[in-house]
Amino acid sequence: MTESTTVTTTVNPQVAYNLITKNLQEVLNPQIIKNVLEVEKRHLKLYWGTAPTGRPHCGYFVAMTKLADFLKAGCEVTVLLADLHAFLDNMKAPLEVVNYRAKYYECSIKAILRSINVPIEKLKFVVGSSYQKGGDYTLDIFKLSNIVSQNDAKRAGADLVKQVSNPLLSGLIYPLMQALDEHYLDVDAQFGGVDQRKIFVLAEENLEKIGYKKRAHLMNPMVPGLGQGGKMSASDPNSKIDLLEEPKVVKKKINGAFCSPGNVEENGLLSFIEFVIAPIQELKNGEGHFEFFIDRPEKFSGPMTFKSFAEIKQAFKDEKLSPPDLKIGVADAINELLAPIREEYANNKEYQEANEKGYPVAVPEKTKKAKKPKNKGSRYPGAAKTEDKKVEEVAEDLKKATV
Ligand code: STL
């Protein structure tokens, strides 16, 4: 990977540290970060990894606002498009489409960042398979497999890798590779959601045992989805909003969101304002700037404007702001966020091709070839289907495909 060069930080170390850790839920080994900023006096190198599985959704805005903070703090930021991880996670991304999905993620991430005015010239994108198939990397997986117990590897991936009834070996390799990525991407720290915590701890506990440095870990809180409880779920399309969602569908999904009067605890809409809309407004308009407009119909006393998230939350708690009115405000705000992304998609052929080839629309039933009789004998454990494919078909494809 890139050679590290010593660059004197232009941002004051304390200011940089505060920006880097702003709004995070947890930081493991903050002294590693402080040492880079204060003693070594150079830019912090960090990466954020994402596995190109299903289409990225509005939840991605949360991580993007942090990438914006990192860039503002002068960090050297790498985005890892972890294509092999998408494959290793129960073949969520079959090999023949994963490179298009990685491209789709790259286009989406760039579109989001541009839409919130983040300069992306200094952001580096790396595709996992570009180095994860090398001999040294493979040997390092073997080294780790001699140190990490099956139990520990399994537990590390438990919150991340899809849990199935007869788990595959791939789920044990996944966390080992994520630990190695820190070394191969030559970073000081890794950033991710708090759902990555166990993998981060596994990396901290084992990298030094194979002769590599221990890294710091930065964790964002998980943002609830639109359903009752829980995060955005890949299997429930109504719990999340696609980046290219039509405005009408956004309204429909938001209208269907769980939101009970006065309940500010279990409220995905309020969380979306707190973790997505408010940080983006700050990024665009400066620290402390917040304005949330609700186009409430005249018959319900007309439009409202709030000047802080706390004010919205209090009004909702006191039932001065009703669920239907909150929904109007959030749907309008999301449509405003998505408009520039839809526009970029409409003008970017590469983005469109990545979508079409990465997420091919299932062939309608009547035009499908006659199905072969089902093989009721040996099946892959756990996974009856990968995306739209039968296990037998996937196994067939696997013989041919490479990344
Ligand atoms: C997911 C969902 C998600 C994050 C990830 C995967 C992260 C993957 C990853 C892979 C390799 C790395 C770092 C992160 O080195 O929110 O399916």
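What you see is a predicted model; the values in this text were computed from it and never measured. (Residues numbered from 1 in each chain as written. Predicted model: local features only at pLDDT ≥ 70, side-chain atom pairs only at ≥ 80, totals over all residues.)

Draft legend 1. View of the confidence of the model for the chain. Per-residue confidence for the chain gives a mean pLDDT of 89, with 86% of residues at or over 70. Predicted confidence for residues 378-391 stays below pLDDT 50, and this span has 22 contacts to residues more than four positions away or in other chains. (pLDDT = per-residue confidence, 0-100. Contact = placed C-beta atoms within 7 Å.)

Draft legend 2. Seen up close, the site of the ligand. Neighbouring the ligand are the residues Gly49, Thr50, Ala51, Thr53, Leu80, Ala82, His85, Asp89, Gln178, Asp181 and Gly193. For the shell around the ligand, a count of residues per class yields three nonpolar, six polar and two charged. (Near = placed C-beta within 6 Å. Nonpolar A, V, L, I, M, F, W, Y, C, P; charged D, E, K, R; others polar.)

Draft legend 3. Main features of the sheet that holds strand β2 (residues 45-50). The six strands are arranged β1-β6-β5-β2-β3-β4 in an open sheet whose pairing can be described as mixed. Taken across any chain shown, the strands that pair with only one partner, and hence form the sheet edges, are β1 (26-28) and β4 (124-127). Recorded for the sheet is a direction-independent mean angle of 25° between the axes of neighbouring strands. As paired elements, β2 and strand β3 (residues 76-81) share six bridges and run parallel to each other. Bridge assignment links Leu46 to a residue of β3, and that residue is Val77. (Pairing = 2+ DSSP bridges. Helix = DSSP H or I, 4+ residues; strand = E, 2+ residues; numbered from the N terminus. Axes fitted to C-alpha atoms, helices over the stretch in contact; angles between N-to-C directions.)

Draft legend 4. View of helix α10 (residues 197-206). Where α10 is concerned, the buried positions are Ile199, Phe200, Leu202, Ala203 and Asn206. One side of α10 carries all its buried residues, which in axial view fall inside an arc of 160°. Packed against the buried residues of α10 are β1, α7 (135-145), α8 (150-157), α9 (170-184), β5 (189-193) and β6 (216-220). (Buried ≥ 20, exposed ≤ 12 C-beta atoms within 10 Å, placed from the backbone. Arc of directions from axis to C-beta.)

Draft legend 5. Representation of the pairing of β5 within the structure. Here β5 lies mainly inside the structure; four of its five residues are buried. Relative to β5, β2 runs parallel, the two sharing three bridges. Paired with Leu46 across the strands is Ala189, a residue of β5. Examined bridge by bridge, β5 and β6 share five bridges and lie parallel to one another. Opposite Gly193, over in β6, you have Asn220 as the bridge partner. In this fold, the crossover linking β5 to β6 by way of α10 has right-handed handedness. (Right-handed = clockwise from strand over helix to strand, strands pointing away.)

Draft legend 6. Highlighting helix α14 (residues 323-347). If you check α14, its first and last C-alpha atoms are 36 Å apart, about what 25 residues at 1.5 Å a residue would give, namely 36 Å. Most pronounced at Leu338, the bend in α14 amounts to some 35°, and the proline Pro340 follows within four residues. All buried positions along α14 are accounted for by Asp325, Leu326, Ile328, Gly329, Val330, Ala331, Ala333, Ile334, Leu337, Leu338 and Ile341. (Expected span 1.5 Å × (residues − 1). Bend = angle between axes of the 7 residues up to and from the residue.)

Draft legend 7. Region of the structure containing unusual backbone geometry. One non-glycine residue, Asn23, adopts positive backbone phi at about 65°. Note on Asn23: 15 C-beta atoms within 10 Å, which makes it partly exposed. We note that Met91 has phi near 55°; this positive angle belongs to a residue other than glycine. Given 25 C-beta atoms within a 10 Å radius, Met91 is considered buried.

Draft legend 8. Representation of the packing of helix α12 (residues 268-285) against α14 within the structure. Two numbers describe how α12 lies on α14: the axes approach to 10 Å, and their chain directions differ by 35°. Where α12 crosses over α14, the handedness of that crossing is left-handed. For the pair α12 and α14, the contacting residues are Leu269, Phe272, Ile273 and Ile277 in the first and Leu326, Lys327, Val330 and Ala333 in the second. For the contact of α12 with α14, the class distribution of residues is seven nonpolar, no polar and one charged. (Left-handed = near helix turned anticlockwise from the far one by under 90°.)

Draft legend 9. Geometry of the packing of α7 against α9. One can describe the packing of α7 onto α9 by two numbers: an axis separation of 10 Å at closest approach and a directional angle of 125°. One finds that α7 runs oblique with respect to α9. Here the hand of the crossing between α7 and α9 comes out right-handed. Contact residues: Tyr137, Asp140, Ile141, Leu144 and Ser145 in α7; Ile173, Leu176, Met177, Ala179, Leu180 and Tyr184 in α9. The residue makeup of the contact of α7 with α9, split by class, is nine nonpolar, one polar and one charged. (Parallel < 35°, antiparallel > 145°, perpendicular 65-115°, else oblique.)

Draft legend 10. The arrangement of the pairing of β3 in detail. When you tally the buried positions in β3, you get six out of six residues, the bulk of the element. Across four bridges, the pairing between β3 and β4 is parallel. Note on β4: the bridge partner recorded for Leu81 is Val127.

Draft legend 11. Spatial organisation of the environment of Leu46. Structurally, Leu46 is set in strand β2. Measuring from C-alpha to C-alpha, the distance between Leu46 and Asp186 comes to 8.3 Å, with 140 residues separating the pair along the chain. Sequence-distant contacts of Leu46, that is, excluding residues within four places in its chain, are made with Phe70, Cys75, Val77, Val187, Asp188, Ala189, Gln190 and Phe191.

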